[in-house]
Amino acid sequence: MTPERPAKTLLVAAGVAVFCSLMVSAAIVYLRPAQVAWEEIARSRTVLSLAGLLPEGASAPDRMVAMRFRELEVLVADLQRGQFDDAFDGLSFDMDAAWADPAMLTDIPRASDLARLGQRPRWMPVYLRMEAGAIRAVVLPIRGQGMWAPMQGYLALEGDFTTIVGIAIEQHGETPGIGERITDPAWQASWIGKRAFSEAGEVRIAAAGDGRVPRERAAQHTFDAISGATVTVSAVTDMVSYWLGGHGYGPLLQRLRTAGGQPP
Ligand SMILES: Cc1cc2nc3c(=O)[nH]c(=O)nc-3n(C[C@H](O)[C@H](O)[C@H](O)COP(=O)(O)O)c2cc1C
């Protein structure tokens, strides 16, 4: 082998590596807008299904999802004041940006931090299904920490701001076949019709048999347990309990209840 051969081989290999990495980077940049649009449609689909505005569910075409989404009223809740804040436009409010912006984040007192988040934005988008001027359903974004990784989803309540109309877990890192069963539609259906608050207005929702709900109240306030996945189910319960509580949407929901379902 002549001395220049190894140098030439290395040069060609380096050239191929640079070319390939440039191609991958270009593909990522080029495809990013399509990926963002796809995520947006997937979220809208979930929110609409929970609000009861997408009977076709997953089979609804994207164009229909985008059109029906306009039937929802999207408002931004100021969780600190427990009311909607018209300083923000709900439709253009970027929730992911809010979670990433230190100026929007507020510390969660340790005693309230059931969802193990540490911090959360002061403002969160809230999706309202209106009918004859009254709120028929409200869909609330929720986030928390699962057994293995952060979780994200939505909880929907009827216009009494107490009865659950649905839950959806959109992102999680739980074990396939174990904690992943929180995405099972049959398990999520076991939340429907359950009451998330006691008569006194305290958060009261848990898996059957986990001891958080008095036995005589179980029928109203418990959803199905998942055997072998108690840790994940308990994390979902904690996440929901945090977001419905005094440091989450609790004060807003109380205000809406008092206003009799009229947007205050
Ligand atoms: C590799 C591995 C992965 C697991 N993943 C989960 C999980 O994602 N969610 C969960 O709740 N439990 C998971 N478990 C089981 C928990 O450690 C725990 O045993 C279980 O949640 C208890 O539920 P049970 O009281 O219904 O048996 C996993 C266990 C192992 C060994």
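Because the structure is a prediction, the values reported are computed rather than measured.

Before we go on, may I ask you to explain the sheet that holds strand β2 (residues 83–84) in this structure?
Across a sheet, strands are paired by hydrogen bonds formed along the backbone, either parallel or antiparallel in direction. Across the sheet, six strands lie side by side as β2-β1-β5-β6-β7-β8; this open sheet has antiparallel pairing. Each of the sheet's edge strands pairs with one partner strand only, and the pair in question is β2 and β8 (164–171). As paired strands, strand β1 (residues 73–78) and β2 are joined by two bridges and run antiparallel to one another. The residue bridging A77 from the neighbouring strand is F84, located in β2. The sheet contacts of helix α6 (residues 230–244) involve β5 (123–131), β6 (134–145), β7 (150–158) and β8, and relative to β6 the element is tilted by about 125°.

For this particular structure, what's the right way to read helix α2 (residues 62–69)?
Given 3.6 residues to a turn, an α-helix orients residues that are three or four positions apart in the same direction. By the burial criterion, the buried members of α2 are V65, R68 and F69. When α2 is viewed along its axis, its buried side chains cluster within an angular range of 105° and face the same direction.

I would appreciate a short explanation of the pairing of β6 in the present structure.
Within a regular strand, side chains alternate between the sheet's two faces. For β6, the tally of buried residues reaches nine of twelve residues, placing the bulk of the element in the interior. Across five bridges, β5 lies against β6 in antiparallel orientation. Paired with L128 across the strands is V138, a residue of β6. Hairpin connection between β5 and β6: a loop of two residues separates the two successive antiparallel strands, and A132 in this loop has a positive phi of roughly 50°.

Looking at this model, I keep getting lost on the nonpolar core. Mind explaining?
Across soluble globular proteins, nonpolar side chains have a tendency to be buried as a group. One finds W191 and V236 to be the most contacted residues of the largest nonpolar core, which totals 60 residues. With eight residues, α6 is the single largest residue contributor to this core. Counting five residues, the second-largest nonpolar core is a separate cluster that includes V76, F93, M104 and W123.

Even after reading the chapter, I still don't get the packing of aromatic side chains, so can you show me in this structure?
The description of an aromatic ring pair rests on the distance of the ring centres and on the angle between the ring planes. Inspection of the entire model under this criterion finds ten aromatic pairs. Considering the side-chain rings of Y127 and Y154, the 6.3 Å spacing of their centres and the 75° angle between planes classify their relative orientation as edge-to-face. Of this pair, Y127 sits in strand β5 while Y154 sits in strand β7, and the two are 27 residues apart along the sequence. The burial state of Y127 is the same as that of Y154; both residues are buried. An aromatic cluster is built from W99, Y242, W243 and Y249, whose rings are joined through pairwise contacts. Over the face of the ring belonging to F197 we find R257, whose NZ or CZ atom lies 4.4 Å from the ring centre.

I tried to follow the pattern of salt bridges on my own but got confused; where do I start?
What the rule picks out here adds up to ten salt bridges. The closest approach of N and O atoms between R45 and D62, which form a salt bridge, is 2.8 Å. Of the two residues, R45 sits in helix α1 (residues 4–51) while D62 sits in helix α2, which places them 17 residues apart along the sequence. Ionic pairing is found between R212 and D210, a salt bridge with its closest N-O pair at 2.9 Å. Given the relative accessible area of 38%, R212 is considered partly exposed. Each of R43, D96 and R143 takes part in one network of salt bridges that share partners.

I would appreciate a short explanation of the site of the ligand in the present structure.
Looking at the ligand, the residues that line it are M147, W148, E174, T175, I178, G179, S227, G228, A229, T230, V231 and T232. In isolation the ligand has 620 Å² of accessible area, and contact with the protein removes 54% of it. Looking at the shell around the ligand residue by residue, the class counts come to five nonpolar, six polar and one charged.

Cut-offs and rules
- Residues numbered from 1 in each chain as written.
- Predicted model: local features only at pLDDT ≥ 70, side-chain atom pairs only at ≥ 80, totals over all residues.
- Heavy atoms only, no water.
- Pairing = 2+ DSSP bridges.
- Helix = DSSP H or I, 4+ residues; strand = E, 2+ residues; numbered from the N terminus.
- Contact = heavy atoms within 4.5 Å.
- Axes fitted to C-alpha atoms, helices over the stretch in contact; angles between N-to-C directions.
- Buried < 20%, exposed > 50% of the residue type's maximum accessible area, 1.4 Å probe, protein only.
- Arc of directions from axis to C-beta.
- Core = buried A, V, L, I, M, F, W, Y, C linked by side-chain atoms within 4.5 Å.
- Phe/Tyr/Trp six-rings, centres within 6.5 Å; stacked < 30°, edge-to-face > 60°.
- Lys NZ or Arg CZ within 6 Å of the ring centre and 35° of its normal.
- Salt bridge = Lys/Arg side-chain N within 4 Å of Asp/Glu carboxyl O.
- Near = heavy atom within 4 Å.
- Areas by Shrake-Rupley, 256 points an atom, 1.4 Å probe, with all protein chains shown as cover.
- Nonpolar A, V, L, I, M, F, W, Y, C, P; charged D, E, K, R; others polar.

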